[in-house]
Amino acid sequence: MAWIIGIGIALFLLFVFPKQMGIVILVVIGGAAALFGYSYLEDQKRADEYRERKESITLKASYDVEKCSAEFPLLVEIRNGYTETLQALTFELNGYREGYSSPVYRGHSYKSDRIVAPGEAYVACWTQPGLDYGARATPPQSLNWRATYSYASFGSEP
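Residues numbered from 1 in each chain as written. Predicted model: local features only at pLDDT ≥ 70, side-chain atom pairs only at ≥ 80, totals over all residues. Heavy atoms only, no water.

Would you mind going over the nonpolar core with me for this structure?
If you look at soluble globular proteins, the nonpolar side chains tend to sit buried side by side. If you look at the biggest cluster of nonpolar residues, it comprises 23 residues, and the most contacted ones within it are Leu 59, Val 76, Leu 86, Leu 89, Phe 91 and Leu 93. Elements that contribute at least two residues to this core include exactly β1 (57-63), β2 (74-80), β3 (85-96), β4 (103-112), β5 (121-126) and β7 (144-155). Per element, the largest residue contribution to this core is five residues, and it comes from β7. Once residues within four sequence positions are removed from consideration, Leu 93 is found in contact with Ala 61, Leu 74, Val 76, Tyr 105, Arg 106, Gly 107, Tyr 110, Trp 126, Thr 127, Pro 129, Arg 146 and Ala 147. (Core = buried A, V, L, I, M, F, W, Y, C linked by side-chain atoms within 4.5 Å. Buried < 20%, exposed > 50% of the residue type's maximum accessible area, 1.4 Å probe, protein only. Helix = DSSP H or I, 4+ residues; strand = E, 2+ residues; numbered from the N terminus. Contact = heavy atoms within 4.5 Å.)

Right, dumping it as structure tokens:
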């Protein structure tokens, strides 16, 4: 009900003082446009920074029992190409058959809290994930292993 009264008052003032109300309306629209533009540019800046961070981290995974043990057969390399120190990384390991898009072995969330300085890499051996629901067991050494990350935490070293 109050907004109806507000609109009525605004229309009355617009007809009684058209020049002054026109200036007020232009100032309000200009302020709203400036606020929207600033918000949009900040969102774009944040999105660009996120994309740059995401593209700067590379993960490589392979089945390697020569460098790793039978208990931890997956060799994962985490390379930090960003300008800030990588504090933690949450990722997933999946094993795929050649030419297929569904994984045979699907990893749950793995987390590395190893601090990796800019331009450096960290290599570690991880356990093999479990067999995906409905997938037929395949020798893990014959699969293409992929590591994909879902979250990275950056900052300065503690």
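Having seen the structure, we can now continue with the description.
I would appreciate a short explanation of the state of the cysteines in the present structure.
By definition, a disulfide links two cysteine residues through a covalent bond between their sulfur atoms. Summed over the entire model, instances satisfying the criterion amount to one disulfide. With a sulfur-sulfur separation of 2.0 Å, Cys 68 is cross-linked through a disulfide to Cys 125. Taking the sign of the S-S torsion, about -75 degrees here, the bridge from Cys 68 to Cys 125 comes out left-handed. Placement of the pair is Cys 68 in the loop between β1 and β2 and Cys 125 in strand β5, with a sequence separation of 57 residues. Relative accessible area serves as the criterion here: at 6%, Cys 68 is assigned to the buried category. When its relative accessible area of 30% is taken as the criterion, Cys 125 is described as partly exposed. (Disulfide = S-S within 2.5 Å.)

Even after reading the chapter, I still don't get the sheet that holds β4, so can you show me in this structure?
Backbone-to-backbone hydrogen bonds pair the strands of a sheet. The strands run either parallel or antiparallel. Read from one edge of the open sheet, four strands run β6-β4-β3-β7, paired in antiparallel fashion. The sheet is open, and its two edges are formed by β6 (130-131) and β7, each paired on a single side. Bridge analysis of β3 against β4 gives seven bridges, and the strand direction is antiparallel. Along β4, the bridge assignment pairs Thr 90 with Lys 111. (Pairing = 2+ DSSP bridges.)

Whenever I open this one, the sheet that holds β2 confuses me. Can you help?
With antiparallel pairing, the three strands of this open sheet are ordered in space as β1-β2-β5. Because the sheet does not close on itself, it has two edges, and the strands there are β1 and β5. Going across the sheet, the axis of each strand differs from the next one's by a mean of 15 degrees, ignoring polarity. Bridge count for β2 against β5 is six bridges, and the pairing is antiparallel. Pairing of Arg 79 across the sheet is with Ala 121, part of β5. Sitting on the sheet, helix α2 (residues 18-56) touches β1 and β2, and the angle it makes with β1 is about 30 degrees. (Axes fitted to C-alpha atoms, helices over the stretch in contact; angles between N-to-C directions.)

What should I look at first to understand the packing of helix α1 (residues 2-16) against α2 in this one?
Angle between the axes and distance between the axes are the two parameters that describe a pair of packed helices. Viewed as axis vectors pointing N to C, α1 and α2 meet at an angle of 125 degrees, and their least axial separation amounts to 5 Å. When the interaxial angle is binned, α1 and α2 end up oblique. For the pair α1 and α2, contact is made by Ala 10, Leu 13, Leu 14, Phe 15 and Val 16 and by Pro 18, Met 21 and Ile 25, respectively. The residue makeup of the contact of α1 with α2, split by class, is eight nonpolar, no polar and no charged. (Parallel < 35°, antiparallel > 145°, perpendicular 65-115°, else oblique. Nonpolar A, V, L, I, M, F, W, Y, C, P; charged D, E, K, R; others polar.)

How should I be thinking about the packing of aromatic side chains in this particular structure?
Centre-to-centre distance and the angle between the planes together describe a pair of aromatic rings. Taken as a whole, this structure holds five aromatic pairs when the rule is applied. Pairing Tyr 110 with Trp 126 gives two aromatic rings, centres 5.7 Å apart and planes at 85 degrees, and the pair type is edge-to-face. Residue Tyr 110 is found in strand β4, and its partner Trp 126 is found in strand β5; the two are separated by 16 residues along the sequence. In this pair, the class of Tyr 110 matches that of Trp 126, namely buried. An aromatic cluster is built from Phe 91, Tyr 110 and Trp 126, whose rings are joined through pairwise contacts. Its guanidinium or amino end placed over the ring of Tyr 149, Lys 54 lies 4.8 Å from that ring's centre, counting from NZ or CZ. Its guanidinium or amino end placed over the ring of Tyr 96, Arg 146 lies 3.9 Å from that ring's centre, counting from NZ or CZ. (Phe/Tyr/Trp six-rings, centres within 6.5 Å; stacked < 30°, edge-to-face > 60°. Lys NZ or Arg CZ within 6 Å of the ring centre and 35° of its normal.)

Everything listed here is a matter of coordinates, which is why it stays silent on function.
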